[in-house]
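Examining the three-dimensional arrangement
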Amino acid sequence: MPAIPSETDIAIIGGGLIGLSIGWRLARRGLDVAVFERGTSGQGASLAATGMLAAAAELEPGGEEHVPLALESQRLWPGFARELEADSVLSIDYRADGVLLVALGREEVERLRFRHEMQKRAGLAAQWLGGPEARALEPGLRPNVVAGIFCPDDHQVDPPRVMAALRQAFLARGGHLVEGCEAEPELAGGRAVGVATPGSVCAARIVLMAGGAWTKLAGLDLPVRPLKGQSLALRSTAETGGLSRVVWTEQVHLAPKSDGTLIVGATMEERGFDDTVTAGGVYALLDGARRALPSIEEMPVEAIWTGFRPTSLDDAPIVGETGIANLLVATGHHRNGYLLAPVTAAAIEQLITDNRITGPAAHFGAARFAAIKEAAE
C-alpha cells in the first residue's frame, strides 16, 4: 500500500471512473489530491461498462430532463479525450462512428418509432432508416432488421484503456493514489476534516465521496443502490467479421472495439451486490446478440463479468454539496458514467475552485431528493 499522506487539499473516496476523472482534473489545476480506493482503481463498475457516450440512444421515457446534461458532456468529451491522452501518453480508443438502433421484425418497429419521436422532441440528432439502409451500414446484421435509427453524435471509448489512462494521467500530474484501503469521511464539529483509514487520518480541506454503488454517507439519506449487470466479451476475427459501430437492439447492445473485442451487454437486475454470473443472464446476452448478428456463433468467448451500476432514485447523477460542510458527492450515474464523466468532473472542479456549479449540472444536487420525498408524501 502506498504511504498515506498526512494531509492534502482534496481527498477523494473512490478510485473508479468518476473519482479518478475528478482527481485528474483537480490535479491539473495544481491542487494536491489524494484518491482512496478500497480495491484496485477502476476494477468495479468502471471496467464492467461498455464505454458508450450515447445521449440519444440512452434516452428513456421520463429522461428528457437529463438531456441538457448529457449533451453538455458530449460537447466536452473530445477535449477531455485529447487532454487525457496527452497527459497519459495512452490511447483511449475514442470512436466517433455513431450508434445504430435496430428493430428486429415488424413487431418492434412501432416501439422504435416511439423512441425516434421522443429523440426528435428532445432535440437529439437521430436519423430514421429503413431496413436496407440500416443493413447497408452494418452488412453483417440479419435480414430481419427492418428499420433503424442512426445517432451520429453518440460515440464510444474503451473502458480498460480509459481507466489505464486516467490512472497514469492522475499520477503524472502529481496525484496520490492509495489502493487497497478502506476509507471514510472524518467529521469534526459538523464538517468534514479529512479521511479516516484503518491506519491513520489524512487531513483534507475538501472530501469528495465518489464510491459509485458503494457510496454511503452516515447520517444522510442518499438514495443510491446497486443495479447489477452481466456482460460478456467475444472476439471477432477475419472469418467471422464484426461490426463497425455500436448496435442496439431491444435486448442487448453490441460494442465493437478497435482490438477486435465485441462487448455484449448488459442485463439489468435488482440483486443487490450479488456478483454471480448466471446461466440465464449469459443465455439472454448470447440469444439477444445472435438475433441481430448471426456471426457471433463462431466467435470465441473471451470473458464474462458482472458490475454494479450506481443508480439513484431518479436514475440521474448526484453531484455537489451534501449539506455537511466540506463534504461533496459525485455518484448515481446509472448507465451513463462514461458519458457523464467530463461534465461531472467539470462541475466538481467549478464547485471547489469557484464555490458554485453553473450550467446543466447545477440541477443534479442531492437536495432535489428532499423535494421528491415531500411530493411523494
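Below you will find a few notes about this structure.

Rules used in this analysis
- Residues numbered from 1 in each chain as written.
- Predicted model: local features only at pLDDT ≥ 70, side-chain atom pairs only at ≥ 80, totals over all residues.
- Heavy atoms only, no water.
- Helix = DSSP H or I, 4+ residues; strand = E, 2+ residues; numbered from the N terminus.
- Rg over C-alpha atoms; globule rule 2.2 N^0.38 Å.
- Buried < 20%, exposed > 50% of the residue type's maximum accessible area, 1.4 Å probe, protein only.
- Contact = heavy atoms within 4.5 Å.
- Areas by Shrake-Rupley, 256 points an atom, 1.4 Å probe, with all protein chains shown as cover.
- Lys, Arg positive; Asp, Glu negative; His and termini not counted.
- Charge placed at Lys NZ, Arg CZ, Asp CG, Glu CD.
- Polar contact = N/O pair within 3.5 Å; in protein donor to acceptor, adjacent residues only side chain to side chain.
- Patch = residues over 30% accessible without salt bridge, like charges linked within 9 Å, V, L, I, M, F, W, Y side chains within 5 Å.
- Salt bridge = Lys/Arg side-chain N within 4 Å of Asp/Glu carboxyl O.
- Core = buried A, V, L, I, M, F, W, Y, C linked by side-chain atoms within 4.5 Å.

Turning our eyes to something else, we now look at the overall build of the protein chain. Looking only at helices and strands, the protein chain features 9 helices and 18 strands. Relative to the 2.2 N^0.38 estimate, which gives 21 Å for 377 residues, the radius of gyration of the protein chain is 21 Å and therefore close to what a compact globule would have. Overall size of the protein chain, expressed as C-alpha extent along the three principal axes, is 65 × 45 × 40 Å. Within the protein chain, the proportion of its 377 residues that are buried is 54%. Within the protein chain, contacts between residues at least 6 apart in sequence are counted, and of these 75% link residues at least 24 apart. Here the protein chain displays about 15,700 Å² of accessible surface, and carbon together with sulfur accounts for 51% of that area. Seen as two clouds, the 34 positive and the 46 negative side-chain charges of the protein chain have centres 3 Å apart.

Moving on, we come to the side chain of Gln156. Here Gln156 lies in strand β7 (residues 155-156). Within the structure, the side chain of Gln156 is placed 3.0 Å from the backbone oxygen of Pro256, a separation counted as a polar contact. Residues in contact with Gln156, not counting those within four places in the same chain, are Thr50, Gly51, Met52, Leu53, Asp93, Tyr94, Arg95, Val246, Ala255, Pro256 and Lys257.

Judged by side-chain polarity, Val277, Val301 and Ile304 come together as a nonpolar surface patch covering roughly 220 Å² of accessible area. Mapping Ile304 onto the fold places it in strand β16 (residues 301-312).

Now for the nonpolar core. Among the nonpolar cores identified, the biggest contains 73 residues, and Ile22, Val33 and Leu84 are the most heavily contacted of them. Core analysis: the second largest hydrophobic core is formed by 23 residues, Phe150, Val282, Leu285 and Ile296 among them.

Another aspect to go through is the environment of Arg75. The residue Arg75 is located in helix α3 (residues 67-88) in this model. Relative accessible area serves as the criterion here: at 54%, Arg75 is assigned to the exposed category. Separated by 267 residues in sequence, Arg75 and Pro342 place their C-alpha atoms 9.2 Å apart.

Most of the time, phi is negative for any residue but glycine, and the peptide bond is trans. In this chain, Gly265 is followed by Ala266 through a cis amide linkage whose omega measures -20 degrees. Of note, Asp93 is a non-glycine position whose phi angle comes to about 55 degrees, a positive value. Structurally, Asp93 is set in the loop between α3 and β4 (99-104). Overall, the relative accessible area of 8% leaves Asp93 in the buried class. The phi angle at Asn355 is positive, at roughly 65 degrees, despite the residue not being glycine. As for its placement among the helices and strands, Asn355 is situated in the loop between α8 (337-354) and α9 (368-376). Judged by relative accessible area, which is 62%, Asn355 ranks as exposed.

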